[in-house]
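Below are the chains, spelled out letter by letter.
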Amino acid sequence: MARRPLPRILSNGTAQIAKSRELARTAADSATDVLHPLITVTRGLRRLAAAGRRKWAATPKDRRGPLLFLVASVILVVALVPYGPLLAVISLMAAAAWTGRDRTPPPPTGPDEAQTGRLQSLYEALVPYFSAAEDPDPLYAHGGDWEKAFDAYDFDDDGRVSRLLIRYPAYFTDGEPDSRARIEQLLHAKSGRGREYHFDWDEEGNELTVTVLPPLPTDIAAQRFVTAPGETVLGFTDPADVQRTLPLTYGEEQRDVPPVVWRTGARSTEPHLLIAGEPGTGTTTLLRSIALQSLQYGDVVIVDGGGTGEYACLTGRDGVLAVECSATGALGSLEWAAHETERRLIAANRARQAGHPAPDDIKNPLWILLDRPSALGHLAAADGRGDPQALLEVPLRHGRAAGVTVVVAEHFEHLDFLSDAVRQHTRARVVLGPASAAQLESILGAPPHTTPTRDVPPGRGYARLGTGPVLRLQVPATPDPYDDATSETHRRAVLDLLPERTTPGDAAQAPSEVAGVAEVAVAEG
């Protein structure tokens, strides 16, 4: 079904609305500046009138007559004196202007005593790293002035540093990762643990900006994302790291959140994905989220090496070709996937040679999702069979041209059991859960620009697509709807995304049938 273009007011009206708001705000500020004296005098007259009413109410009734006589006498004298009314009006306006002045105390312009102590402590801690004995005029010295080194600073409500701009000498080796890591570790410890910091090194200007990052939203439930075919939302990240937002539903309200979009297909530079993490960190949740998104445009083969039944909700659904938990079924499904990749390549090659478009039966994307393939490898070896990962070499090597995408999820302690083909061809990487900087760099290929924390919610981690930057990631909540611990809101959100069930769960395709399909595919090829 063809997509309708967005209404013009939704596609390009946001900039006009923002510009109109800015113009209205500028006009209001200008009017306030022009009318400020009148506003001050009016406020003063109101305060003088209120003071007069209070004075009249506090005067006893037996004294109100003389008071009125005194006021009338003063008015008469003023009226008879030359220029009296004019002088009275000027005096009243002056009193009103004085009474109506803004009495709000000015905000403090500098840090208080506790904040000054924190900044001085940070300065003293940086002295051994940013000073040298040969420097005749050191920027950092014990007992020195921290104001020369810290150009800007902000504090949160708890009095801890939330943003800090640090100047450092030009001879500091900011191009060496080890030197940077020492400074980042020190600032993380001295500024307050339990928070995530972003470090922006300006090597040209010899400046380091330390910013405390707000936590990523964890209340994003599974939903239908506004994406094009070939785009998969892995999760959500910081607004400053991506140039795109998606409209998401939060109950009855809607927000725009920056996503981490993974692009697959013939022109993708990262056609396959590797997910790593500890148990309970959300690797299965991310696989389930990818499966629900890929079923919009393609077919899915799921291999559950853990055998925990986390994908039972997908069994027999439209577009789900198989959900295998046993070693025999996994071998049959992966063998069929390898032959299907070859068949698609041959069909596409014949169509190109004949000058015809690609056949319709190879245009539908095929997704192969493997959860914990190392466990299946142990089971297959115990049963005298080959490693199922060996059957992934053809889909991994030729999947981009054939429209086949492979996603592998594995635990940290079993990453060494992954085959070389999986390691080489999964250039899109995701790491979920608590991990050290060394683990993140070994899996992602580059260290993150933030300090990883120990306590993170499920689905929280980092993502890197190819040679791109390392991004913070929060996976949308996509739990197993059949789990008793799942809330009703998340259960309903996942069930609404599931395709219709076309095959009963107990009538799923047997491994022998899958092998038969593979043999037919080989014969056709």
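Higher on the page you've got the structure.
A brief look at the structure comes next. (Residues numbered from 1 in each chain as written. Predicted model: local features only at pLDDT ≥ 70, side-chain atom pairs only at ≥ 80, totals over all residues. Heavy atoms only, no water.)

Section: the sheet that holds strand 2 (residues 161-167)
Stage number 1. Spatially, the four strands line up as an open sheet ordered 1-2-4-3, and their pairing is antiparallel. Edge strands, defined here as strands with exactly one partner in the open sheet, are strand 1 (150-155) and strand 3 (196-202). Each strand axis lies, on average, 10° off the axis of its neighbour in the sheet, ignoring direction.
Stage number 2. As defined by bridge partners, strand 2 adjoins strand 4 (residues 207-213) across five bridges and the pair is classed as antiparallel. From the neighbouring strand, Leu164 faces strand 4, where its bridge partner is Val210.
Stage number 3. Helix 6 (residues 113-126) contacts strand 1 and strand 2 of the sheet and is inclined by roughly 130° relative to strand 1.
Stage number 4. Sheet strands in contact with helix 7 (residues 177-191) are strand 2, strand 3 and strand 4, and its direction is about 140° off that of strand 3. (Pairing = 2+ DSSP bridges. Helix = DSSP H or I, 4+ residues; strand = E, 2+ residues; numbered from the N terminus. Axes fitted to C-alpha atoms, helices over the stretch in contact; angles between N-to-C directions. Contact = heavy atoms within 4.5 Å.)

Side note on the pairing of strand 1
Stage number 1. In this structure, strand 1 lies alongside strand 2, joined through five bridges in antiparallel fashion. From the neighbouring strand, Ala152 faces strand 2, where its bridge partner is Leu165.
Stage number 2. Hairpin connection between strand 1 and strand 2: a loop of five residues separates the two successive antiparallel strands, and Gly159 in this loop has a positive phi of roughly 85°.

Here we look at the packing of helix 3 (residues 36-58) against helix 5 (residues 84-99)
Stage number 1. Running from amino to carboxyl end, helix 3 crosses helix 5 at an angle of 95°, the nearest separation of the two axes being 7 Å. Taken together, helix 3 and helix 5 sit at an angle that is classed as roughly perpendicular. Where helix 3 abuts helix 5, its residues Thr40, Val41, Gly44, Leu45, Arg47 and Leu48 lie against Leu92, Met93, Ala95, Ala96, Ala97 and Thr99.
Stage number 2. Here the residues of the contact of helix 3 with helix 5 are counted per class, giving eight nonpolar, three polar and one charged. (Parallel < 35°, antiparallel > 145°, perpendicular 65-115°, else oblique. Nonpolar A, V, L, I, M, F, W, Y, C, P; charged D, E, K, R; others polar.)

Considerations on the environment of Gly194
Stage number 1. Locating Gly194 in the fold gives a position in the loop between helix 7 and strand 3.
Stage number 2. Residue class for Gly194 comes out exposed when judged on its relative accessible area of 70%.
Stage number 3. The sequence separation of Gly194 and Thr453 amounts to 259 residues, and the corresponding C-alpha distance is 6.3 Å.
Stage number 4. Setting aside chain neighbours within four positions, we find Gly194 in contact with His188 and Thr453. (Buried < 20%, exposed > 50% of the residue type's maximum accessible area, 1.4 Å probe, protein only.)

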